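Here is how the chains run, residue by residue.
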Amino acid sequence: MPRRRPLRHVTFTLGAIITLALVATALLSVVYTPADPLGMSITGRLQGPTTGHPFGTDHFGRDILSRVMTGAVTSIAVGIIAVGIGAGLGMLLGVLSGYVGGWVDEILMRLVDAVQGFPAILSALLFTAVFSPGMVVSMVAIGVAFVPSFARLTRGGFLELREREFVVAARALGGGDTRLVLRHILPNALPPLIVQATTSFPVAILAEAALAYLGLGTQPPHPSWGLMLKEAQNFLSLNPWFAVFPGSAIALTVLGLNLLGDGLRDLLDPKTA
Amino acid sequence: MRRYVARRVAALAATLLFVSALVFVVVRVLPGDPAALIMGTEGSREATERLREAMGLNRPLPVQYVDWVARALRGDLGRSIQYDLPVGQLIVSRLPVTLPLALMAAVFMIVTAVPLGLYAATHHRRGGDYLAMIVSQLGISVPQFWSGLLLILLFSVTLGWVRSGGFDGWSAGAWPALRALLLPAVALGVFQAAVLVRATRSAVLDVLREDYVRTARAKGVDERRVVGKHTLRNALIPIVTVAGIQLGQLMAGAIVLESVFALPGLGRLALGAIGARDLPVVQGVALFVASCIVVINFAVDLLYGFLDPRIRYE
């Protein structure tokens, strides 16, 4: 089968460009923003786009462009850590379930079924009732919601791979469980997990925005796209741009990451060639 | 089939037990002392101790858990601190908003997504397919609450056709109630529909490549019959899987949309309870919604058995 070149894959390339633009914006915002994202101006509130403020200003006169740029950092940070939590815990459960099998598998899978009953918003509701709302609650709640998909995928890979000849051969040569899992099975089970991580990332960004919107995630005055939309809701008729730009930032970012994930799946999965 | 159903019911019971344990651990174990959490810094030591006694928190945790589960099975989810009403009663009072909202979104999802996905698959790599894929790609990129805000901006602020939110209840008439739920249901359903379009297209495309479809076509079977009889039935399993998962997600999504449109449903009940540190309500709503999602997943599992007899014998 001819090796497919990533850059010739339109979906992958387009997704990569948008994602790189997002990362570049986030990195840039650490060292430069057109204005102070927290700087208020009582005289310049709820302005539409102008040359001084290309995305306009919010109800405190803060520059929306600068806040959208800084919000990218929040989204990326929550996305990476949430996917990390979901992948880490999910893979651990999946490895135990798929490798050990038997009643351990049965119990762990029922636990995974139970965790699937808690989408990120529900977990966040529960955690916020007990702990203060904030980015950490967001990350944990979203991460927990990802656990079932990573656990099932890892388990499926392990069930298929543990009976394969190279694994049986490694076991016959005296390889211990840890070595078999880490050196022989896990690396071969990784490609679908990488795709899952990529496709989970935009879901994490959407969930972070939703949690911030509900007041369960990132707290003011820290810029978060979801939080900006919550603030914009009361001023929809006065300055619709206030809602349009943060919303567009979320949609564009998620679109880019989805395209990247779809492209990656095409490139890594020979069945879709 | 009976053995299959019995096995699934046993798995459901175990899963629900885990659901209750997870809720209990987060609300009763993680905070250390839930009574102190509820009373906050303003509560006196005596008042906190009285609350601890009233909530039965002085007993060992396993005893508290068994008692809580036994009561929950009888429909007793405790008493709201904020409203001084049974939590079960509060949940039931909010269901006439959340359930119709989720159901309307589900209908919107299925009615739009399945035909669109089917159309895209049967017009593979043609204009209609690309258009359907672009629309679905945009659909999964837009957060539900932003869709809601944009719908408010268009239909309420700009056109003035509907109210921007609120719900007067079903007693004010079915039509006003349905009208109040229409925009939130569309906003809620668009995202889920976009996911289902992609799943339907992909499942139908897989089946269309099967030998038996090629044979049917070679025998001169009418294309509508090929798609309707030979393809759709066999593509239903992945479609039902995704639709089932999406149905569960609708319950969670409804919590967000209730906030956007100021609807007095379960989500607003839980959010209000967090502000008031009303732990029994949060605990009850979480248990109820998570159990609903698990039961929906169970129903989807059962449906597999009916759709594909091979699954029953695995």
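Residues numbered from 1 in each chain as written. Chains lettered and ligands numbered in written order. Predicted model: local features only at pLDDT ≥ 70, side-chain atom pairs only at ≥ 80, totals over all residues.

### A few points about the overall build of chain A
- Broken down by element type, chain A carries 9 helices and 0 strands.
- The linear arrangement of helices and strands in chain A, starting from the amino end, is α-α-α-α-α-α-α-α-α.
- Once the C-alpha set of chain A is aligned to its principal axes, its extents read approximately 75 × 50 × 30 Å.
- Counting across all 273 residues of chain A, residues that qualify as buried make up 50%.
- Summarising the internal contacts of chain A: among those between residues at least 6 apart in sequence, 71% fall at separations of at least 24. (Helix = DSSP H or I, 4+ residues; strand = E, 2+ residues; numbered from the N terminus. Buried ≥ 20, exposed ≤ 12 C-beta atoms within 10 Å, placed from the backbone. Contact = placed C-beta atoms within 7 Å.)

### A look at the overall build of chain B
- Each helix and strand in chain B was counted, giving 13 helices and 0 strands.
- The order of α-helices and β-strands along chain B, N terminus first, is α-α-α-α-α-α-α-α-α-α-α-α-α.
- Judged by the C-alpha coordinates and their principal axes, chain B covers about 85 × 55 × 35 Å.
- By sequence separation, contacts in chain B at least 24 residues apart represent 71% of the contacts at least 6 residues apart.

### Looking at the environment of Ala209(A)
- For Ala209(A), the location among the structural elements is in helix H7 (residues 177–214).
- Along the primary structure Ala209(A) and Asp105(A) are separated by 104 residues, whereas in three dimensions their C-alpha atoms are 35 Å apart.
- Every residue in contact with Ala209(A), bar those within four places of it in the chain, is listed here: Trp225(A), Gly226(A), Ile250(A) and Pro143(B).

### Description of the interface of chain B and chain A
- Between chain B and chain A, the residue contacts involve 40 residues of the former and 33 residues of the latter.
- Those elements giving two or more residues to the side of chain B that touches chain A turn out to be helix H1 (2–29), helix H6 (127–141), helix H7 (144–158), helix H10 (223–260), helix H11 (266–275) and helix H12 (279–307) of chain B.
- Along the lines of polarity and charge, the residues of the side of chain B that touches chain A split into 33 nonpolar, 7 polar and no charged. (Nonpolar A, V, L, I, M, F, W, Y, C, P; charged D, E, K, R; others polar.)

### Comments concerning the packing of helix H5 (residues 87–122) of chain B against H12(B)
Residue and element names in this part refer to chain B.
- Remark: H5 packs on H12, axes separated minimally by 10 Å, with the N-to-C direction vectors making an angle of 55°. Considering the angle they form, H5 stands oblique to H12. Read as a crossing pair, H5 and H12 show a hand that is right-handed. In this structure, H5 uses Val87, Leu90 and Ile91 to contact H12, whose residues at the interface are Pro280, Val281, Gly284, Val285 and Phe288.
- Its residues assigned to classes, the contact of H5 with H12 shows 7 nonpolar, 1 polar and no charged. (Axes fitted to C-alpha atoms, helices over the stretch in contact; angles between N-to-C directions. Parallel < 35°, antiparallel > 145°, perpendicular 65-115°, else oblique. Left-handed = near helix turned anticlockwise from the far one by under 90°.)

### Focus on helix H9 (residues 241–268) of chain A
- When the terminal C-alpha atoms of H9(A) are compared, their 40 Å separation across 28 residues agrees well with the 40 Å that a helix rising 1.5 Å per residue should span.
- Taken across its 28 residues, H9(A) has 21 buried, putting it largely inside the fold. (Expected span 1.5 Å × (residues − 1).)

### So, the environment of Phe306(B)
- With respect to the element layout, Phe306(B) can be found in helix H12.
- Between the C-alpha atoms of Phe306(B) and Met1(B), which are 305 residues apart in sequence, the distance is 8.5 Å.

### Focus on the nonpolar core
- Counting 165 residues, the largest nonpolar core has Leu125(A) and Val282(B) as the members making the most contacts within it.
- When sequence neighbours within four positions are dropped, the list of residues in contact with Leu125(A) reads Leu216(A), Ala270(B), Ile274(B), Val282(B) and Ala286(B). (Core = buried A, V, L, I, M, F, W, Y, C linked by C-beta atoms within 7 Å.)

### Overview of the confidence of the model for chain B
All names here are of chain B.
- Per-chain confidence: chain B averages 89 in pLDDT, with 98% of residues scoring 70 or above.
- Per-element averaging of pLDDT across chain B places helix H13 (residues 309–312) at the bottom with 66 and H5 at the top with 94.
- At the level of chain-chain contacts, confidence expressed as ipTM amounts to 0.86, with global pTM at 0.88. (pLDDT = per-residue confidence, 0-100.)

### As for unusual backbone geometry
- Of note, the amide linkage connecting Pro220(A) to Pro221(A) takes the cis form, showing an omega dihedral of 5°.
- Here Pro221(A) lies in the loop between H7 and helix H8 (225–233).
- Although it is not a glycine, Asp84(B) adopts a positive phi angle of roughly 55°.
- Mapping Asp84(B) onto the fold places it in the loop between helix H4 (61–73) and H5.
- Exposure remark for Asp84(B): the 7 C-beta atoms within 10 Å place this residue in the exposed category.
- We note that Arg125(B) has phi near 60°; this positive angle belongs to a residue other than glycine.
- Mapping Arg125(B) onto the fold places it in the loop between H5 and H6.

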